[in-house]
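Descriptive structure summary
Next come the chains, spelled out residue by residue.
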Amino acid sequence: MRWIKSLFVIAGIYDVVLGLGMLVASSQIAHLASIALPDPGYVEFPALLVALFGIMFLHVAGNPAARRVLIPYGMGVKASYSGVVFWHQLTGSVAALWIPLAWADFAFLVLFFFAWRALAPKA
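Residues numbered from 1 in each chain as written. Predicted model: local features only at pLDDT ≥ 70, side-chain atom pairs only at ≥ 80, totals over all residues. Heavy atoms only, no water.

**Quick notes on a nonpolar patch on the surface**
- Taken together, Trp3, Trp103, Phe106, Val110, Leu111, Phe113 and Phe114 make up a surface patch of nonpolar side chains, about 670 Å² in accessible area.
- Residue contributions to the nonpolar patch peak at 6 residues, all from helix α4 (residues 98-118).
- Along the chain, the position of Leu111 falls in helix α4. (Patch = residues over 30% accessible without salt bridge, like charges linked within 9 Å, V, L, I, M, F, W, Y side chains within 5 Å. Areas by Shrake-Rupley, 256 points an atom, 1.4 Å probe, with all protein chains shown as cover. Salt bridge = Lys/Arg side-chain N within 4 Å of Asp/Glu carboxyl O. Helix = DSSP H or I, 4+ residues; strand = E, 2+ residues; numbered from the N terminus.)

Take a look at the structure:
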């Protein structure tokens, strides 16, 4: 079960850093990536949600078996982000900046699923 704790610590740190990084440096990141950002509120709110999910992942890491019920919510957010980015990549309307993050979220989604299954109560 150590791998599950490690997985959620890594996911938690990743999302907290990503969310807070987008919160405080979204305009600089957009400039470096040559993309236009919408109204700041459309970036700040999702950035805070990403950081909040990161905190939840750290909470799961503290006791994965007891907090197994939270894992599908994490899978949902990872599926949502990667699915949206991959769909827009297929239609040719997504900035390259978002694609590696979508692959990372897809990898977390798969690993979260295996963690969720491994933590299932034994019959």
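**Points about the pattern of salt bridges**
- Overall, the coordinates contain 2 salt bridges when judged by the stated rule.
- Residues Lys78 and Asp15 are paired through a salt bridge, measuring 2.8 Å at the closest nitrogen-oxygen approach. Taken together, the residues Lys78 in helix α3 (residues 71-90) and Asp15 in helix α1 (residues 2-33) connect sequence positions 63 residues apart.
- Take Lys78: its relative accessible area is 1%, and that puts it in the buried class.
- Residue class for Asp15 comes out buried when judged on its relative accessible area of 3%.
- Across the pair Lys78 and Asp105 runs a salt bridge, and its minimum N-O distance is 3.0 Å. (Buried < 20%, exposed > 50% of the residue type's maximum accessible area, 1.4 Å probe, protein only.)

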